[in-house]
Structures are given as C-alpha cells and as structure tokens.
Amino acid sequence: MGNTRSLLKMVMVVLFLGWIFVWIMISTNLYKSKWTPELAKYLNTTYFGPQGINLVLLTVPMMFIAVLSCVYLHVQKKPTQTQREWKVKGKMGRVMMVMNPLGIVTFTELTFSLLFVALLFWALYNYLYISYHIKLHNHDNAKIWQAKLRAFGLRIGYVGHYCWAFLFFPVTRASTILPLIGLTSESSIKYHIWLGHISNFCFLLHTVVFLIYWAMVNKLMETFAWNPTYVPNLAGAIAIVIGIAMWVTSLPFFRRKKFEIFFYTHQLYGLYIIFYVMHVGDSWFCMILPNIFLFFIDRYLRFLQSTKRSRLVSARILPSDNLELTFSKTPGLHYNPTSILFLHVPSISKLQWHPFTITSSSNLEKDTLSIVIRRQGSWSQKLYTHISSSIDSLEVSTEGPYGPNSFDISRHDSLILVGGGSGMTPFISVIRELIFQSQNQSTKLPDVLLVCAFKHYHDLALLDLIFPSDISVSDISRLNIRIEAYVTRENEKPEITDDRRLLQTKWFKPHPLDSHISPVLGPNNFLWLGVVILSSFIMFLLLIAIVTRYYVFPVDHKKGKTYNFSYRALWDMFLGCVCIFISSSIVFLWRKKQNREGDKESKKQVQSVEFQTPTSSPGSWFRSHERELESVPYQSIVQATSVHFGSKPNLKKILFEAEGSEDVGVMVCGPRKMRHEVARICSSGLAKNLHFEAISFNW
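By convention here, each chain's residues receive numbers from 1 onward along its written sequence. Where totals are concerned, whole chains, interfaces and linings use all residues; where local detail is concerned, this predicted model gives features only for residues with pLDDT of at least 70, and gives and counts side-chain atom pairs only at 80 or more. Water and hydrogen atoms were dropped before computing side-chain values, which therefore reflect all heavy atoms in the structure.

The name an unreviewed UniProt entry gives the protein is ferric-chelate reductase (NADH), with Cardamine amara subsp. amara as the organism. The record in UniProt for the protein states the following under Cofactor (unreviewed entry): "FAD". UniProt positions are given in the numbering used here, feature names are shortened, and annotations may be inferred rather than shown by experiment. As its UniProt record puts it under Subcellular location (unreviewed entry), the protein is described as follows: "Membrane".

J.: Before we move on, can you summarise the overall build of the protein with the specific residues and values?
T.: Labels follow the DSSP assignment, with helices taken as runs of H or I lasting at least four residues and strands as runs of E lasting at least two, numbered in each case from the N terminus. Scanning the protein for helices and strands turns up 20 helices and 18 strands. Remark: exposure states derive from per-residue accessible area (1.4 Å probe, protein chains only) relative to the maximum for the residue type, with buried under 20%, exposed over 50%, and partly exposed in between. The proportion of buried residues among the 699 residues of the protein is 52%. Only carbon and sulfur atoms are counted for the fraction: they give 61% of the accessible area of the protein, which is about 32500 Å². Values of accessible area rely on a 1.4 Å probe in the Shrake-Rupley scheme; residue burial ignores everything except the protein chains shown.

J.: How would you summarise the packing of aromatic side chains if you had to cite specific residues and measurements?
T.: Here the aromatic set is Phe, Tyr and Trp, taking the six-membered ring for Trp, and pairing holds for ring centres within 6.5 Å; pairs whose planes are under 30 degrees apart are stacked, those over 60 apart are edge-to-face, and all others are tilted. Within this structure, the stated rule accounts for 38 aromatic pairs. Here the aromatic rings of Tyr 300 and Phe 581 are separated by 5.5 Å at their centres, their planes lie at 55 degrees, and the arrangement is tilted. With Tyr 300 in helix α12 (residues 282-306) and Phe 581 in helix α16 (residues 565-594), the pair connects residues that are 281 residues apart, well separated along the chain. Taking the relative accessible area as the measure of exposure, Tyr 300 reaches 16% and is therefore buried. When the centroid spacing of 5.9 Å and the interplanar angle of 70 degrees are considered together, the rings of Tyr 551 and Trp 571 count as edge-to-face. Highlighted residues: Tyr 551 in helix α15 (residues 525-556) and Trp 571 in helix α16, separated in sequence by 20 residues. Members of the aromatic cluster, joined through ring pairs, are Trp 164, Phe 168, Phe 203, Tyr 269, Tyr 272, Tyr 276, Phe 295 and Phe 296. Remark: a charge is flagged as sitting over a ring if the NZ atom of Lys or the CZ atom of Arg is within 6 Å of the ring centre and within 35 degrees of the ring normal. The ring of Tyr 132 has Lys 148 sitting right over it, with the charged end atom 5.4 Å from the ring centre. Just above the ring of Tyr 550 sits the side chain of Arg 549; from NZ or CZ to the centre is 5.3 Å.

J.: Before we move on, could you go through the sheet that holds strand β18 (residues 690-694) and cite the residues and values that matter?
T.: Strand pairing follows a simple DSSP-based rule, namely that at least 2 bridges must link the two strands. Reading across from one edge, β16-β12-β11-β10-β17-β18 is the order of the six strands in this open sheet, with parallel pairing throughout. At either end of the open sheet lies a strand with only one pairing partner, and these are β16 (641-645) and β18. Taken pair by pair, the neighbouring strands of this sheet meet at an average axis angle of 15 degrees, ignoring direction. By the bridge criterion, seven bridges tie strand β10 (residues 414-420) to strand β11 (residues 447-454) in an arrangement that is parallel. Within β11, the residue paired with Gly 420 across the bridge is Ala 453. Lying over the sheet, helix α14 (residues 425-438) contacts β10, β11, β12 (481-487) and β17 (664-669), oriented at roughly 155 degrees with respect to β10. Every angle, taken between N-to-C directions, lies between 0 and 180 degrees, and every axis is a line fitted to C-alpha atoms, over only the stretch in contact when it is a helix. Any two residues whose heavy atoms approach within 4.5 Å at even a single point are treated as in contact.

J.: Got a sec to walk through the packing of helix α3 (residues 52-75) against α15? Specific residues and values, please.
T.: Viewed as axis vectors pointing N to C, α3 and α15 meet at an angle of 160 degrees, and their least axial separation amounts to 7 Å. In this view, α3 runs roughly antiparallel relative to α15, as classed from their interaxial angle. Handedness of the crossing formed by α3 with α15: left-handed. Contacts from Leu 55, Thr 59, Val 60, Met 63, Ala 66, Val 67, Cys 70, Leu 73 and His 74 of α3 reach α15 at Phe 526, Leu 527, Leu 529, Gly 530, Ile 533, Leu 534, Phe 537 and Leu 541. In this classification, the charged set is Asp, Glu, Lys and Arg, the nonpolar set is Ala, Val, Leu, Ile, Met, Phe, Trp, Tyr, Cys and Pro, and all remaining amino acids, among them Gly, are polar. Among the residues making up the contact of α3 with α15, the classes are represented as 14 nonpolar, three polar and no charged. For classification purposes, an angle smaller than 35 degrees is called roughly parallel, one larger than 145 roughly antiparallel, one from 65 to 115 roughly perpendicular, and anything else oblique. Here a crossing is called left-handed whenever its near helix is offset anticlockwise from the far helix by less than a right angle, and right-handed whenever the offset is clockwise.

J.: Can you break down helix α7 (residues 185-216) residue by residue, with the values?
T.: Under the 1.5 Å per step criterion, the end-to-end length of α7 is 45 Å for 32 residues, consistent within 8% with the ideal 46 Å. Asn 218 sits one or two positions beyond α7 and adopts a positive phi of about 60 degrees. Given a helix with a known number of residues, its expected span is that number minus one, times 1.5 Å.

J.: How would you explain the environment of Ser 515 if you had to name every residue and give the values?
T.: Mapping Ser 515 onto the fold places it in strand β14 (residues 514-515). On the accessibility criterion, Ser 515 (13% relative accessible area) is buried. Distance in space between the C-alpha atoms of Ser 515 and Leu 312 is 9.2 Å, their sequence separation being 203 residues. Beyond its immediate stretch of four places on either side in the chain, Ser 515 contacts Lys 308, Arg 309, Ser 310 and Arg 311.

J.: Lay out the nonpolar core in plain terms, naming residues and giving numbers.
T.: A general feature of soluble globular proteins is that nonpolar side chains tend to end up buried together. Of all hydrophobic cores here, the largest spans 91 residues; its most connected members are Trp 164 and Ile 533. When neighbours within four sequence positions are excluded, Trp 164 is seen to be in contact with Ser 199, Phe 203, Tyr 272, Ile 273, Tyr 276, Ile 288, Asn 291 and Ile 292. Here, nonpolar core refers to any group of buried Ala, Val, Leu, Ile, Met, Phe, Trp, Tyr and Cys residues whose side-chain atoms link them within 4.5 Å.

J.: Which residues make up the sheet that holds strand β6 (residues 340-344), and what are the values?
T.: Taking strand neighbours across the sheet as the criterion, the three strands line up as β7-β6-β9 in an open arrangement whose pairing is antiparallel. Either end of the sheet is taken by a strand with one partner, and the two such strands are β7 (354-357) and β9 (397-402). Across the sheet, the axes of successive neighbouring strands diverge by a mean angle of 25 degrees, strand direction being ignored. Pairing analysis gives four bridges linking β6 to β9, with the strands arranged antiparallel. Bridged to Leu 343 within β9 is Thr 398.

J.: Report on helix α6 (residues 144-164), specifying residues and quantitative values.
T.: An ideal rise of 1.5 Å per residue puts 30 Å on 21 residues; α6 measures up with 31 Å between its terminal C-alpha atoms. The buried fraction of α6 is high, at 15 of 21 residues.

J.: How would you explain the pattern of salt bridges if you had to name every residue and give the values?
T.: Salt bridge criterion: a side-chain nitrogen from Lys or Arg within 4 Å of a carboxyl oxygen from Asp or Glu. The full count for this structure, using the stated rule, is 13 salt bridges. Among the salt bridges present, the one from Lys 41 reaches Glu 38, with a minimum N-O distance of 3.3 Å. Of the two residues, Lys 41 and Glu 38 both sit in helix α2 (residues 29-43), three residues apart, roughly one turn of that helix. For Lys 41, a relative accessible area of 60% puts it in the exposed group. The partner of Asp 321 in a salt bridge is Arg 375, and the shortest N-O contact between them spans 2.9 Å.

J.: I'd like to hear about a nonpolar patch on the surface, residue by residue, with values.
T.: Exposure above 30% relative accessible area and the absence of a salt bridge qualify a residue for a patch, where like charges join within 9 Å and nonpolar side chains (Val, Leu, Ile, Met, Phe, Trp, Tyr) within 5 Å. Where nonpolar side chains cluster on the molecular surface, the patch consists of Ile 24, Trp 122, Tyr 125, Tyr 129 and Ile 134 and spans about 500 Å² of accessible area. Per-element accounting of the nonpolar patch gives the leading share, four residues, to helix α5 (residues 107-134). Counting through the fold element by element, Tyr 129 comes out in helix α5.

J.: So what's going on with the environment of Tyr 335? Which residues, and what values?
T.: Within the secondary structure layout, Tyr 335 lies in the loop between β5 (322-328) and β6. Along the primary structure Tyr 335 and Phe 407 are separated by 72 residues, whereas in three dimensions their C-alpha atoms are 9.6 Å apart. Within the structure, the side chain of Tyr 335 is placed 2.7 Å from the side chain of Ser 360, a separation counted as a polar contact. A 3.5 Å cut-off defines polar contacts: any pair of N or O atoms within that distance qualifies, except that in protein one atom must be a possible hydrogen donor and the other a possible acceptor, and neighbouring residues in sequence count only when both atoms are side-chain atoms.

J.: Break down unusual backbone geometry for me, with residues and values.
T.: Of note, the bond from Gly 400 into Pro 401 is cis; its omega dihedral lies within 30 degrees of zero at 5 degrees. When you line up the elements, Pro 401 lands in strand β9. The phi torsion at Asn 218 lies on the positive side, around 60 degrees, for a residue other than glycine. Inspection of the secondary structure puts Asn 218 in the loop between α7 and α8 (233-248). A positive phi is found at Thr 338, a non-glycine position, where the angle reads about 70 degrees. Residue position: Thr 338 is located in the loop between β5 and β6.

J.: Describe the side chain of Asn 233, with residues and values.
T.: Relative to the assigned elements, Asn 233 resides in helix α8. Those residues in contact with Asn 233 that sit more than four places away from it in its chain are Trp 214, Glu 222, Thr 223, Ala 225 and His 279.

Laid out in structure tokens, this is it:
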C-alpha cells in the first residue's frame, strides 16, 4: 500500500510540474512561433479543432491529477499520512508576516504567492515583448502609441485569465486536490479572494484601456459588437459588469455587514462564467477548464446531498444566546476535528446556506453530529426564534461535513487552544477527539490549556459543551486539561435570575422523510468521486470529438464559411454540464440503490426514536454555591476552570510560560485581532517551540 501511494504521488508531482511548465512557456515567443505550429499538426485534429493543444496540455493533466488524488486519498493510511503532513507544516508552515489586508501569511503561502506573482509578471513581459518588438497588430491604422496601448489592454486581460485557471479550486468544498497539500476549502477561501481581486483588477483595466482606445479611433460602438467569427465584445462587456458587481459586494464591508447582498450577488457566478467563456472562446476556455469542471461536479453533488431532509434530534438553548443542534448520522460518516457543516432551513430562507462548526467527534459519538450556532445575524436570529418557540419539528437540510482530511493532535507535548467568544467552539471537537484517543492506553496525550475570552459571564455556558453529557469519570481520567476563562466586560460574578440561567433541551419529533447525515456517495466516497470525475470527463471528450468532427468541422470547411465563435464555447459548456449531470446522477443513484437496505434500517431507527418533552436545567455556572454538581461533565469543567473578571488574557505571558515543553501546538480561533496577536507572538522567534495554526471562519 505504501508503494502504491508513493507511485501515485510521484505521478501527480510529474504531471503538476509539467502543467506548470506549460503555463510558464505559453506566453513566450518560442511557444507561439515554434512549438505551437508543430503541436497543432498532431493535436488540433478534426475531432477537437483549435482547442486541441490547450485541451491536451492544460486540461487533461489536471483532470488526471484529480482522478489520481481520489485514489490516493482512498488508499492512504491516515496515521502515516497525518504525521507526514504535519512534518511538512512544521518546516514550511511558520508564520512569516501578519499584516492587513493579507492577514496571517506562512512561509509556504508567501513562497507560492511570490512565485505566482512572478508568473503573472513573466507572462505580461513576454506578451508585451511579442506585441511591441515582434508583431504589433494595428488593424485600425491608429498611431503607434495607440496601437501599443491597445496591445497592453489585450495582454493585461491575458494575465487575468491566468488567475481563472486557479480561481475555483479553493471553493470546491469536497476537493481532492487541496488535501494533497494539507488544505481545506474553508482555509483556502482567502486564496479565492486574492485571485478574485487580481483577476477583476486586470479585467477592469483591460476594459478601461479598450474603451479609451476605441474612443480615440472613433469606434466606441465596438463595445456592443458581437462578431460571429471572432471575439464578441458585448459578451465581455456583460461579463465585466457582472464581475464588478460581484467584486464590489464581496468586499469586507458587504461580506460581514451585508451578507445577504454579498450572497445573492455571488449567485451570478454562473452568468459570469457563461459570458466570460463566450468572450474568450473555446480554446482559451480549455486553459481554465479543470478547476471549473471540478467545481461544478462538486456543486452538483452538493445539490444531490442537500435534497435529503436531515434528522434533527434535539436542540440545547444555552443562556449565552447559543444553540447546540444535534443531528442523527450514519456510523460510517467520518470527519476530523474543526470540520464544518452547512445548514439550510427552508422556513427561514429558500436559498441561504450557512457554515457552522461541528463540536462532536465522529469517533466518540458514532450516531450523532452536533453543531453550535451563535445568535448574531438576521438568519441565526430567526433560527433561534424558531427553536425557542413551541415547534416540535423543523425541516433542515445539510451539506458536508467538510474539514481537514487528517488531523493529528497527539503529536505535541502540550496544546494551547486560544478562543474568543464562539471562536472556542472548534476546540470542543478537538478535546472530544482527545477523549476518544485517551481510551487507547498506549497513546501519549498532550497537556491541554484552553484560554477563552468572553464578553459576559453567561457566555461561560459554552464550556458546558466541552464534554458529552454521557461521559464517565474513567473516560476523562487520562485527560489533563486546564481552562482559563476571561470575562472582559464584567468585574465580578453578576446576579443571575432564574430565567437566564436555565439550559433548555428540546427534542424534535421524527418526520417520515428524515434521514441520517451520510457521505454523498456513501462508503468509499473518495473512490466513487474519482469514478464520477473520470467518467464525466471521458464522456465530455467523446461528445466534444463527435460534435466537432461531424457538426462543426463540415461547416468550417465549406467555402466562405466559419462556425460561430460563440457557439463553439457554448458547446463546450453545454456538453460539460450534461456529462457532469449524467455521470454524477448515475453514480449517486447507483450508490443509493446499493445502500437501500441500510437506508431502510436507518429510517426505522429514525422513526423509532422516542420523542421527549422539553427539559430545563441549570448550567454549571448558574447553580447555587450550596448545590452540588451532580453531572460528571459539569463537575469536571468547573474544577478545571479558573474564571478571571474584568481583564483580557495576557497572551504573550501565557504562551511564553509554555517554553518548558519541547513541542507546543498553538491553535487560535476568534476575532482577527486575537488571531493576529497570537500569530505575531509565535512568529517572533522568542519561543521556538511554538507551532502555530489559525482557524478562521470569517471570510
């Protein structure tokens, strides 16, 4: 098995390096004048036309990597892979700088970012060199400087196209390529944002330059031209209008303060892609096809998963305005700590999906999955109101879970978890995973220090979720955990009224359509995803070859005839979507049929769940001093916790006090200021034993 993984890895590395080499060379005069004519003889056949070169050199390698990555993730031995992955992070994952607007940048991110920027400048230099010194196109008999201005506008658009070759990889939630380099979709969102900024800037500059040029040569109406045999300018104009709308509404103000505007505007991405591809044509579309093709496979599979109604078992309403929702899941559904689940409640919004942190451990809690939701936005406020009302059933759909493919938390001598407010919720799953690992007596467990800051005393109720309610003393006897809780806006323990100190638990009645949360393609999900990718892409190649050879080619070779430029691109997009739909649907339905017996048994279990009446109980932090804590989890949490009023944690002092340990893992999740402060401390070099990792769910 180890040899198989090594061989797969070597093949993927070779393919990727070859793919990158083509991107480096494609802008050079050598590639354009020497290599392209030779390659065209063999690759631009009657079956693929002018898109043959880019299809073979830039599409096929990355699609092959995607298929091999599915096999690689399926056969990997998780403990071995985990240790290797973290070893790489230890060498290259060091924080290099912390600055706005980039945020926390590691050595690896800085290196690859600089290489990518160098690639963009290299491409721009080569394109301009060809235009300015070898062949300057001047179809409008403009002045030389005007023709050079037009060439600059054209070439800067080419540079923006480079960004589109990578733009959709970070937002492919079930990506099999990101885990190869230790990334998740959630942690990669910032790369999508960076690429979006660069590409939209290039496209805006491309548009402005052409508008200026057309105004100078008295051809401003070219903006609205739709040439049937060449680039349709109007398609580009429509694309840039949509792109600017998406760009502006994706700025931090809209993402964080006006989320609905950002969300709904971003749903225009389909139209953006259509008009953009019609503008650049089928040959250039093949340069960026892999990441778009994989994104739409992921998007359609997510749609299939979301059509099922998930079984919501119970909800706990905490005094801190937080909700814990518990769902039923199949025992075979595995996820790692810090994973997230996307939630959709049709009674609140027909379109909106929101990600929430999973607090349960799939190893410790085989049949249930829990998430925590903080009441802070309009959507979560409505959900809180729904749950708090007298309803006994709620229709909920889910997508995911999504998270790291491997997660080894026992490799450190000690672990410092720093959370701000609801930012501590990812660490609940980390601690619960440690509880599971503690059941193996041979496993060495790290000492855990949880540092959490809350605004108000009643927010301490979140700590009650750290241990499962059915945990026993023996289950946590080997876990050495210490909690330092800081209440920043209160100087002493406040008077707590009865209505604010009750922790309410609500149970929901099962519905006939309820089903357990399960992998979208069932067991062996990665392997079947590889089948979907491979079969849909082969089907796409076959259909493109048939359409080109027997429909497009005859038109092109009629005297005085040329097949419509935009129609070529539309054929590619249409056939790609058809192949994804057919392949994904067949595999999904086939896997559903295979698991039908298990589904029937699961349905029976769902229906047989006994409905319980709502209950209320005081949380650990809202009981009278004289009243004994009867629950083992409550006892353990209170005994392990020191509460500090009226102050913020001195993070520098806390982290440097851990200098005695050889290997200290530091994880932080919370407000940006807190994440940046911890990152600066860990990257200062004053304590070389600190290994930093940030968890951010704020796009």
